[in-house]
Amino acid sequence: MKLLLAGLFLILAVGTHAQWYNFPREAYQGARDMRRAYDDMIDANWKNSDKYFHARGNYDAAQRGPGGRWAAEVISNGREWAQEISGRGHEDSAADQEANRWGRNGGDPNHYRPAGLPDQY
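The rules behind these values
Residues numbered from 1 in each chain as written. Predicted model: local features only at pLDDT ≥ 70, side-chain atom pairs only at ≥ 80, totals over all residues. Heavy atoms only, no water. Axes fitted to C-alpha atoms, helices over the stretch in contact; angles between N-to-C directions. Helix = DSSP H or I, 4+ residues; strand = E, 2+ residues; numbered from the N terminus. Parallel < 35°, antiparallel > 145°, perpendicular 65-115°, else oblique. Contact = heavy atoms within 4.5 Å. Nonpolar A, V, L, I, M, F, W, Y, C, P; charged D, E, K, R; others polar.

Trainee: I tried to follow the packing of helix H4 (residues 66–85) against helix H5 (residues 90–104) on my own but got confused; where do I start?
Mentor: A pair of packed helices is characterised by two quantities: the angle between their axes and the separation of those axes. Packing of H4 against H5 leaves a shortest axis separation of 10 Å and a crossing angle of 175°. Taken together, the axes of H4 and H5 lie roughly antiparallel to each other. Residues Arg69, Ala72, Glu73, Ser76, Asn77, Arg79, Glu80, Gln83 and Glu84 of H4 form the contact with H5, whose participating residues are His90, Ser93, Asp96, Gln97, Asn100 and Arg104. The class makeup of the residues in the contact of H4 with H5 is one nonpolar, seven polar and seven charged.

Take a look at the structure:
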């Protein structure tokens, strides 16, 4: 019964226009996009680039489709929740979430790109 309810919820959450069988693949690819943005942020080690990488990861994941958008939202919300619990500032977390939403909703991540960030990112 729980499996049936979970399946029904997944179908409703994805929506009627989505192809439900693509959802898991899109979610996996979206999670990889989020990880790539995180790895690039660590690699770049560039001052004030955090919001750009948040927006870019969410943008790339959301471009995969409903599964990628869902993965981006779950990962972003989980990360921000964990950082808030650990004592990180609420204002910074709110700004991160704004950048997350910007990217997920199709906004250009370059809106948050800091001056001088190398082109490879």
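Trainee: Before we go on, may I ask you to explain the side chain of Asp33 in this structure?
Mentor: As for its placement among the helices and strands, Asp33 is situated in helix H2 (residues 23–44). Ignoring sequence-local partners within four residues, the contact set of Asp33 consists of Gly57, Asp60, Ala61 and Arg64.

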